[in-house]
Amino acid sequence: MCGENQTAVTEFLLLGFHNTSKSKIVVFVLILLVHLCAIFGNLLIVLLVSFSYILHRPMYLFLSNLALADLIISTSIVPNMLCIIWLDGHTMTINGCLSQYFFVFVSTYAQCCLLMMMSFDRYLAICLPLRYSSIMNLNFSLRLSLWSWIVGIILIKVEVILLCQLQFCTSNIIDHFFCDFAPLLALSSVEVSTLVWLDYSFNIFVIFLPFLCITLSYSRIFLVIFNISSLSGKKKAFSTCSSHLIVVCTYYGCLIAVYMSPAPESSMYENKFRSLVFLLLTPFTNPIMYSLRNKEIKNTLVLFFTKR
């Protein structure tokens, strides 16, 4: 319970980039354009994979789930962020804040698992091509995709339940543009060490371990590609995993920059900028990487529009 001279917080005030009022319109328009492009690109991939029989294969099923996760993250954060930028701050209820946290980090955890499943798919396709069809069929890939979401939902649900037990009495100001883990804990009036260690444990399980599996998979893939005698064979093998490798590097590079090497408290603006790059860059670049570098998606895209 809050003290006698303290009032329980019922809503949070998110400040966003409150020191960019002079360039507010430019920042607003730029973020809006990137957001719309990300929504269009990811939604298009989901529709193409859903309605095109040619793309009903494991790799594209994983890709459509990755695009769905990007859509959820973008729609959970960016519309409210635009309100914060335009109004120089915006309030959210505690339930709204925790709901945003739930959807953002369920999708983040699911993305890490999906990227690991995609690396496993590429490992089977390149290192064990004769066994690929018998192992990685559509039903198996569907179950892997479903479990990626289930793992994220279960773990983040536990965190949200514990976050609901926190008491906020001293302040309601979040110097950020969305309800991230650290800003929420900074406002808590009770002990949060257990929740911090739980979050570390979840991150190791859902972020670090998939990254380790991806690294091991590509180590094996590169060894196999290196042993291919013909140059054309090497190029063909590498082209089948190059898009995924670029997405992995972009995703984990941004994730590590934001959460594994945080700026000091005096550089809160830098922390927010890193988060902004991560939350805008990955949903924007993923569809570009897969659509521009994949002939089947480009051909399906042409058929999709020429039939209309």
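This text follows the structure it describes.
The numbering scheme is per chain: residues are counted from 1 as the chain's sequence reads. Per-residue local features of the predicted model are confined to residues with pLDDT of at least 70, and side-chain atom pairs are confined, for both listing and counting, to 80 or more; whole-chain, interface and lining totals are unaffected and use all residues. Calculation of side-chain values draws on the structure's entire complement of heavy atoms; hydrogens and water are dropped beforehand.

Quick word on the overall build of the protein chain
Stated precisely, the cut-off is as follows: Under the DSSP-based scheme used, a helix requires at least four consecutive residues in state H or I and a strand at least two consecutive residues in state E, with every element numbered from the N terminus. Between the two quantities, the radius of gyration covers C-alpha atoms and the globule rule is 2.2 Å times the number of residues to the power 0.38. Accessible area is worked out with a 1.4 Å probe on protein chains only. A residue is then buried under 20% of its type maximum, exposed over 50%, and partly exposed in between. Residue contacts are counted whenever heavy atoms from the two residues lie within 4.5 Å of one another. For the accessible areas, the method is Shrake-Rupley and the probe is 1.4 Å, while residue cover comes only from the protein chains on display. We score Asp and Glu as negative and Lys and Arg as positive, and we do not count His or the chain ends. By convention, the charge on Lys lies at NZ, on Arg at CZ, on Asp at CG and on Glu at CD.
Across its full length, the protein chain holds 10 helices and three strands. Going from N to C terminus, the protein chain has its helices and strands arranged as β-α-α-β-α-α-α-β-α-α-α-α-α. Its C-alpha atoms give the protein chain a radius of gyration of 21 Å, within 12% of the compact-globule value 19 Å for 308 residues. Across its three principal axes, the protein chain shows a C-alpha extent of roughly 75 × 40 × 35 Å. Looking at the protein chain residue by residue over its 308 residues, the buried ones come to 47%. For the protein chain, contacts bridging at least 24 residues in sequence account for 79% of all contacts bridging at least 6. Split by element, the accessible area of the protein chain, about 15900 Å² in all, is 69% carbon and sulfur. Charged side chains of the protein chain number 18 positive and 13 negative; the gap between the two group centres comes to 25 Å.

Some thoughts on a nonpolar patch on the surface
The condition is simple: Patches here are clusters of residues that have more than 30% relative accessible area and form no salt bridge, with a 9 Å joining cutoff for like charges and a 5 Å cutoff for nonpolar side chains (Val, Leu, Ile, Met, Phe, Trp, Tyr). Salt bridges are defined by distance alone: a side-chain nitrogen of Lys or Arg within 4 Å of a carboxyl oxygen of Asp or Glu.
Residues Ile-204, Phe-205, Phe-208, Leu-209, Leu-212 and Leu-216 make up a contiguous nonpolar surface patch of roughly 580 Å² in combined accessible area. Considering the arrangement of structural elements, one finds Phe-205 in helix H7 (residues 193-226). We classify Phe-205 as partly exposed; its relative accessible area is 47%.

A word on the pattern of salt bridges
The final tally for this structure, using the stated rule, is two salt bridges. With a closest N to O distance of 3.8 Å, Asp-88 and Lys-24 form a salt bridge. Separated by 64 residues along the polypeptide, Asp-88 in the loop between helix H2 (58-87) and strand S2 (90-93) and Lys-24 in helix H1 (residues 24-51) bring together distant segments of the chain. In this structure Asp-88 comes out as partly exposed when scored by relative accessible area, which is 41%. Across the salt bridge formed by Asp-121 and Arg-122, the nearest N and O atoms sit 2.6 Å from each other. Owing to a relative accessible area of 10%, Arg-122 belongs among the buried residues under this scheme.

Notes on the packing of aromatic side chains
Our working rule: Any Phe, Tyr or Trp ring, taking Trp's six-membered ring, that has another such ring centre within 6.5 Å forms a pair; planes under 30 degrees apart are called stacked, those over 60 apart edge-to-face, and the others tilted. Counted as over-ring charges are cases with an Arg CZ or a Lys NZ within 6 Å of the ring centre that also lie within 35 degrees of the ring normal.
This model, assessed by the stated rule, comprises 13 aromatic pairs. Measuring from ring centre to ring centre gives 5.2 Å for Phe-28 and Trp-86, while their planes differ by 55°; the resulting arrangement is tilted. With Phe-28 in helix H1 and Trp-86 in helix H2, this residue pair connects regions lying 58 residues apart in the sequence. Considering the side-chain rings of Phe-177 and Phe-178, the 5.5 Å spacing of their centres and the 45° angle between planes classify their relative orientation as tilted. Accessibility classification places Phe-177 together with Phe-178 in one group, the buried group. Through a chain of ring-to-ring contacts, the aromatic side chains of Tyr-101, Phe-105, Phe-177, Phe-178 and Phe-181 assemble into a single cluster. Across from the ring centre of Phe-226, 5.4 Å away, lies the NZ or CZ of Lys-234, which sits over that ring.

Some thoughts on the side chain of Gln-111
Looking at the secondary structure, you find Gln-111 in helix H3 (residues 94-127). When sequence neighbours within four positions are dropped, the list of residues in contact with Gln-111 reads Leu-66, Ala-69, Asp-70, Ile-73 and Tyr-251.

Here we look at the sheet that holds strand S1 (residues 11-14)
Just so we agree on the cut-off: Two strands qualify as a pair provided DSSP detects at least 2 bridges between them.
Taken in spatial order, the three strands of this open sheet run S2-S1-S3, and their pairing is mixed. Among the strands making up the open sheet, the edge pair consists of S2 and strand S3 (173-174). As judged from the two bridges shared by S1 and S3, these two strands associate in the parallel manner. In the strand pairing of S3, Leu-14 is matched with Ile-174.

Focus: the packing of H3 against helix H5 (residues 138-164)
What counts here: Only the contacting stretch of a helix is used when fitting its axis, a line to C-alpha atoms as for every element, and angles between N-to-C directions run 0 to 180 degrees. Each helix crossing is assigned a hand: it is left-handed if the near helix lies turned anticlockwise from the far helix by less than a right angle, otherwise right-handed if that turn is clockwise. Three categories are distinguished: nonpolar for Ala, Val, Leu, Ile, Met, Phe, Trp, Tyr, Cys and Pro, charged for Asp, Glu, Lys and Arg, and polar for the others, with Gly belonging to the last.
For the pair H3 and H5, interaxial distance at closest approach is 8 Å and the crossing angle is 150°. As for the relative orientation of H3 and H5, their crossing is right-handed in sense. Looking at side-chain class alone, the contact of H3 with H5 contains 20 nonpolar, four polar and two charged residues.

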